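Listed below are the residues making up each chain.
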Amino acid sequence: MVKPYSRPAADEPAWWFVVSSDQILLTEDNDLPFGCLADLSFPSLDDYTVVQIGELRERSCYLVIADYLDDNFVDGKFEPLRQLLDASDLEKFAMAGRARQFSDFISTHRFCGRCGTRMQAVDWELAMHCHQCNHRCYPRVSPCIIVAITKGEQLLLAQGKRHKQGMYSILAGFVEAGESLEQALAREVHEEAGIQVQNIEYQLSQPWPFPHSLMMGFTAEWAGGELHIDPHELVTGDWFDFDDLPPTPPAGTIAHTLIEKAIGKKAD
Ligand SMILES: NC(=O)c1ccc[n+]([C@@H]2O[C@H](COP(=O)([O-])OP(=O)(O)OC[C@H]3O[C@@H](n4cnc5c(N)ncnc54)[C@H](O)[C@@H]3O)[C@@H](O)[C@H]2O)c1
Ligand SMILES: [Mg+2]
Ligand SMILES: [Zn+2]
């Protein structure tokens with residue numbers, strides 16, 4: 001059973017996830033601070049919320065919520081979480097995403113959504129509880145589907161409004177309340193591209209902390225319909241030949257893995 005709010009001993013080597021809003025403290029060489037409190041130039045943790053969020057390579061991981069930035073966190077720099085998205089250490093990125101989501105959860109659940117009373121942290125699981133009306137909240141996880149769709153030797157790619165200039169990706173969208181994954185997939189594909197798909201195959205999933213998605217990845221094949229790209233969500237989109245794709249998401253993203261699977265499957 002976890003004790004999320006237990007304090008680290010001064011001589012316990014641990015990974016430190018110091019989060020301030022959507023930024024995380026990194027060392028000069030873009031790594032996470034690692035070591036025992038006594039060896040790190042951290043201030044006293046008394047003024048901060050500290051949460052034990054799991055284990056990485058047999059060492060505890062501690063989230064320190066540092067929303068009121070303090071000059072005492074001198075060794076290192078606060079950087080956007082995406083800076084850690086390095087395909088060589090996805091475990092570390094996933095744990096940092098967990099830290100960022102827990103930090104966001106705690107800071108947005110200070111008061112009960114039902115009766116307005118101040119909420120208290122539960123000491124044996126990661127939850128916030130209202131002692132007035134017994135309402136209990138857990139960190140929000142939002143399921144999303146993401147799908148690589150092929151048509152013969154072509155792949156459907158689209159440019160999202162929030163994508164970096166010039167980058168194309170596969171279709172994705174949030175699952176709505178009351179929907180199955182299959183229904184969400186069919187709806188999103190129809191809304192965003194106006195087509196129908198078949199031979200839908202589940203491939204893999206990835207937690208995605210921007211802001212709290214759980215990406216569930218599929219491959220599928222075009223089954224019918226003319227391509228009609230939704231101008232509200234997407235800038236542009238088209239079928240691209242497998243050997244002539246525009247810039248796509250980097251290794252480490254589920255979009256990248258699904259694109260490789262879709263293309264590899266066709267090449268068999
Ligand atoms: N890791 C990857 O490779 C990868 C690739 C593509 C997209 N994504 C992620 O997939 C997620 C969904 O993609 P999208 O932005 O195209 O979604 P989408 O097509 O459903 O459209 C986004 C819109 O959905 C609404 N929305 C926001 N949060 C919601 C929620 N929790 N439930 C229901 N609706 C909500 C908002 O109006 C928002 O503008 C995002 O978190 C995005 O970052 C990840
Ligand atoms: Mg979308
Ligand atoms: Zn309440």
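Residues numbered from 1 in each chain as written. Chains lettered and ligands numbered in written order. Predicted model: local features only at pLDDT ≥ 70, side-chain atom pairs only at ≥ 80, totals over all residues. Heavy atoms only, no water.

## Regarding the overall build of the protein
Along its length, the protein carries three helices and 15 strands. In terms of its C-alpha atoms, the protein occupies a principal-axis envelope of roughly 60 × 45 × 30 Å. Relative to its 268 residues, the protein shows a buried fraction of 46%. Excluding contacts between residues fewer than 6 apart, the proportion of contacts in the protein whose partners are at least 24 apart in sequence is 64%. Approximately 14200 Å² of the protein is accessible, and the part contributed by carbon and sulfur atoms is 48%. Across the protein, the mean location of the 22 positive side-chain charges is 6 Å away from that of the 40 negative side-chain charges. (Helix = DSSP H or I, 4+ residues; strand = E, 2+ residues; numbered from the N terminus. Buried < 20%, exposed > 50% of the residue type's maximum accessible area, 1.4 Å probe, protein only. Contact = heavy atoms within 4.5 Å. Areas by Shrake-Rupley, 256 points an atom, 1.4 Å probe, with all protein chains shown as cover. Lys, Arg positive; Asp, Glu negative; His and termini not counted. Charge placed at Lys NZ, Arg CZ, Asp CG, Glu CD.)

## Describing the coordination of the magnesium ion (ligand 2)
Note on the magnesium ion (ligand 2): its protein donors are Ala172 (O) and Glu192 (OE). The metal-donor distances range over 2.2 to 2.3 Å. Note that Ala172 is positioned in strand β12 (residues 171-174) and Glu192 in helix α2 (residues 181-193), a separation of 20 residues in sequence. A residue is classified by how much of its surface remains accessible, and Ala172, at 28% relative accessible area, is partly exposed. (Donors = N, O, S within 2.8 Å, 3.2 Å for Na, K, Ca; no water.)

## What to know about the pairing of strand β4 (residues 49-56)
Bridge analysis of β4 against strand β5 (residues 59-65) gives seven bridges, and the strand direction is antiparallel. Residue pairing across strands places Gln52 opposite Tyr62, the latter belonging to β5. In this antiparallel pair of consecutive strands, β4 and β5, the connection spans two residues, and Arg57 shows a positive phi of 45°. (Pairing = 2+ DSSP bridges.)

## Thoughts on the coordination of the zinc ion (ligand 3)
Listed as protein donors to the zinc ion (ligand 3) are Cys112 (SG), Cys115 (SG), Cys130 (SG) and Cys133 (SG); their distances from the metal cover 2.3 to 2.4 Å. Each of the four donor atoms around the zinc ion (ligand 3) contributes to a set of angles spanning 101 to 116°, which defines the coordination as tetrahedral. Spacing between the donor residues of the zinc ion (ligand 3) along the chain follows C-x2-C-x14-C-x2-C. On the basis of relative accessible area, Cys115 is assigned to the partly exposed category, the value being 36%. (Tetrahedral: all angles 85-135°; square planar, octahedral: opposite > 155°, others 65-115°.)

## Some points on the UniProt feature "binding site: a divalent metal cation 2" (unreviewed entry) in the protein
When the UniProt feature table is mapped onto this chain, "binding site: a divalent metal cation 2" (unreviewed entry) is found at Glu188. Its place among the elements puts Glu188 in helix α2. (UniProt positions renumbered as here; feature names shortened; annotations may be inferred.)

## A short note on the nonpolar core
Counting residues in each nonpolar core, the largest one holds 45 residues, and the members touching the most others are Phe17, Ile24, Ile53, Leu63 and Ile170. Looking at this core, the elements that each hand over two or more residues are β1 (14-20), β2 (23-26), β4, β5, α1 (90-107), β10 (142-151), β11 (154-160) and α3 (254-267). In terms of residue count, the dominant contributor to this core is α1 (seven residues). Both domains that meet at this core, namely domain 1 (14-107) and domain 2 (142-267), each give it at least three residues. (Core = buried A, V, L, I, M, F, W, Y, C linked by side-chain atoms within 4.5 Å. Domains from an automatic or database assignment.)

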